[in-house]
Amino acid sequence: VMPYESTRFCDLSADALDAYEQEFTRVLTRAVERFQPDIIHSHHLWILSALTRRLYPEIPMVTTCHGSDLRQFQTCPHLRSRVMDECRRLDGVMALSRSQKRDIVKWYGLIPDRLHVVGAGYNDALFVQSVKADPEPVQMVYAGKLSRAKGVPWLLRALASIDSPDWHLHLVGGGSGQEKSECLELAARLGPGVTIHGAVSQNRLADIMQRSHLFVLPSFFEGLPLVVLEALASGCRTVTTDLPGVTDILGDIHTSFLDLVPTPRLREVDQPFEEDQVRFEADLKNALHRQMRYAVDQPQIDLSHIADRMAAFSWSGIFSKVQTVYQKVGPSGRP
């Protein structure tokens, strides 16, 4: 479910997949001839990375896994043979979290020594804490795709049963098809308590977060949700599902401004079992209501005790880890 016109990999014909690879081969060939790279850094353990490894086996290559590639690996079993062998020959793979590293080893059969937990970074020059306005109402923000996989329908239904304190939801993000329509219909039922922003720039998102008291991400599937770090850096109390990527970073932090909601059991990748949905919605409601009450009493949060953790996931903090991987697998250090 993408916020723009797209075709799912599982729906591509054999001819379409061949055309996809042929066009990327043309562009890759031109790029390598022009830049003569010492190292290639690709993104996603999927078809394009596998193609690049096949075309340039002599150039050191690393790939960043983002999570959506692992989802494709599970939902498109007929395409696994197209990526498995080449991805196993990558010189290095950068994972977002320890749990993702375990999944990569399990599904792709990569050598653990070639996997590096690097994470992903947020722009700490843009997402900064500011003085919050009085919480009348409590300003709340969701940022992400308007889809079921992100838990948006459950969020909107949970909010429908919270009468006090007064709240206002900023719904940020795009979507498509029936799932977007479902989200917008549920949002419309909440009346003027919801502002639908659509897709916005990073600058605009930072502004919305700086003006908000509470951020919520009820997603069922993420690699490492950078938006959680952006929200915390902006001084937002945070309610999010206890996804592995979240717990790897924040699971050992005990603070009143963070609530981790148990993720429901999932059928396939991101479809909750019917019998778990009522409990999930109730847990989400309780966490939101609790953080709203906290926001009324204390609009500002103190980030000082997690400052080191946040710095480690800034752009500069992450790039230092990326550079270490480059040096390890580059021409002089290639395994």
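In the block above lies the structure referred to throughout.
Residues numbered from 1 in each chain as written. Predicted model: local features only at pLDDT ≥ 70, side-chain atom pairs only at ≥ 80, totals over all residues. Heavy atoms only, no water.

> How would you sum up the packing of helix H6 (residues 152-160) against helix H11 (residues 274-297)? Please name residues and give values.
Packing of H6 against H11 brings their axes to within 9 Å, and their N-to-C directions diverge by 60°. Judged on the interaxial angle alone, H11 and H6 are oblique. Like other packed secondary-structure pairs, H6 and H11 cross with a definite hand, here right-handed. Contact with H6, carried on its side by Trp 154, Leu 155, Arg 157, Ala 158 and Leu 159, involves Gln 277, Phe 280, Glu 281, Leu 284, Lys 285, Leu 288 and Met 292 of H11 and no other residues of that element. Of the residues contributing to the contact of H6 with H11, the split by class is eight nonpolar, one polar and three charged. (Axes fitted to C-alpha atoms, helices over the stretch in contact; angles between N-to-C directions. Helix = DSSP H or I, 4+ residues; strand = E, 2+ residues; numbered from the N terminus. Parallel < 35°, antiparallel > 145°, perpendicular 65-115°, else oblique. Left-handed = near helix turned anticlockwise from the far one by under 90°. Contact = heavy atoms within 4.5 Å. Nonpolar A, V, L, I, M, F, W, Y, C, P; charged D, E, K, R; others polar.)

> Outline the packing of aromatic side chains, supporting the account with residue identities and numerical values.
Summed over the entire model, instances satisfying the criterion amount to six aromatic pairs. On the numbers, 5.3 Å between centres and 55° between planes, the contact of Phe 220 with Phe 280 is tilted. You can see Phe 220 sitting in the loop between strand S8 (214-217) and helix H9 (226-233) and its partner Phe 280 sitting in helix H11, a full 60 residues away along the chain. With relative accessibility at 2%, the residue Phe 280 sits in the buried group. Of the aromatic side chains, those joined through ring pairs into one cluster are Phe 9, Tyr 20, Phe 24 and Trp 46. Residue placement shows Arg 157 over the ring face of Trp 154; its charged tip is 5.3 Å from the ring centre. (Phe/Tyr/Trp six-rings, centres within 6.5 Å; stacked < 30°, edge-to-face > 60°. Buried < 20%, exposed > 50% of the residue type's maximum accessible area, 1.4 Å probe, protein only. Lys NZ or Arg CZ within 6 Å of the ring centre and 35° of its normal.)

> Can you break down helix H8 (residues 202-210) residue by residue, with the values?
Spacing of three or four residues puts side chains on the same side of an α-helix, whose turn is 3.6 residues. Within the sequence span of H8, burial applies to Leu 205, Ala 206, Ile 208, Met 209 and Gln 210. Against the buried residues of H8 lie strand S5 (138-143), strand S6 (167-172), strand S7 (194-198), S8 and H9.

> Which residues make up the sheet that holds strand S4 (residues 115-117), and what values go with them?
Where strands meet in a sheet, backbone hydrogen bonds hold them as pairs that are either parallel or antiparallel. If you trace the four strands from one edge of the open sheet to the other, you get S1-S2-S3-S4, paired in parallel fashion. Either end of the sheet is taken by a strand with one partner, and the two such strands are strand S1 (40-43) and S4. Adjacent strand axes in the sheet meet at a mean angle of 25°, parallel and antiparallel pairs treated alike. Running at roughly 165° to strand S3 (residues 92-95), helix H13 (residues 315-329) makes contact with S1, strand S2 (61-64), S3 and S4 of the sheet. (Pairing = 2+ DSSP bridges.)

> Mind laying out the packing of H6 against helix H7 (residues 177-189), listing which residues take part and the relevant values?
Taken N-terminus to C-terminus, the directions of H6 and H7 make an angle of 10°; their axes are 9 Å apart at the nearest point. Relative to H7, the element H6 is oriented roughly parallel. Here Val 152, Pro 153, Leu 156 and Arg 157 of H6 come into contact with H7, specifically with Glu 182, Cys 183, Leu 186 and Ala 187. Residue composition of the contact of H6 with H7, by class: six nonpolar, no polar and two charged.

> How would you summarise the nonpolar core if you had to cite specific residues and measurements?
Formed by 71 residues in total, the largest nonpolar core has its most connected members in Leu 159, Phe 215 and Leu 288. Non-local contacts of Leu 159, meaning those with residues more than four positions away in its chain, are made with Met 140, Trp 167, Leu 169, Leu 190, Leu 288 and Met 292. In this structure, Leu 45, Ile 59, Cys 65 and Leu 70 belong to the second largest nonpolar core, which totals 28 residues. (Core = buried A, V, L, I, M, F, W, Y, C linked by side-chain atoms within 4.5 Å.)

> Go over the pattern of salt bridges, please, and point to the residues and values.
According to the stated counting rule, one finds 19 salt bridges in the structure shown. A salt bridge links Glu 281 to Arg 157; the nearest nitrogen and oxygen atoms lie 3.4 Å apart. Of the two residues, Glu 281 sits in helix H11 while Arg 157 sits in helix H6, which places them 124 residues apart along the sequence. Between Glu 275 and Arg 265 there is a salt bridge whose closest N-O contact spans 3.2 Å. Remark: Arg 265 occurs in the loop between strand S10 (258-261) and strand S11 (266-267) and Glu 275 occurs in helix H11; sequence separation between them is 10 residues. Judged by its relative accessible area of 52%, Glu 275 is exposed. (Salt bridge = Lys/Arg side-chain N within 4 Å of Asp/Glu carboxyl O.)

> Please provide a residue-by-residue account of the environment of Glu 275, values included.
Each C-alpha atom, one on Glu 275 and one on Arg 265, is 9.3 Å from the other, the two residues being 10 residues apart in sequence. Within polar-contact distance, the side chain of Glu 275 engages the side chain of Arg 265 at 3.2 Å. (Polar contact = N/O pair within 3.5 Å; in protein donor to acceptor, adjacent residues only side chain to side chain.)

> For unusual backbone geometry, give the residues involved together with the corresponding values.
For the peptide bond that leads from Glu 136 to Pro 137, omega is 10°, which places it in the cis range. Examined against the element boundaries, Pro 137 turns out to sit in the loop between S4 and S5. Ser 164 connects to Pro 165 through a cis peptide bond whose omega is 0°. Along the chain, the position of Pro 165 falls in the loop between H6 and S6. Non-glycine residue His 44 carries a positive phi angle of around 85°. Within the fold, His 44 resides in the loop between S1 and helix H2 (47-55).

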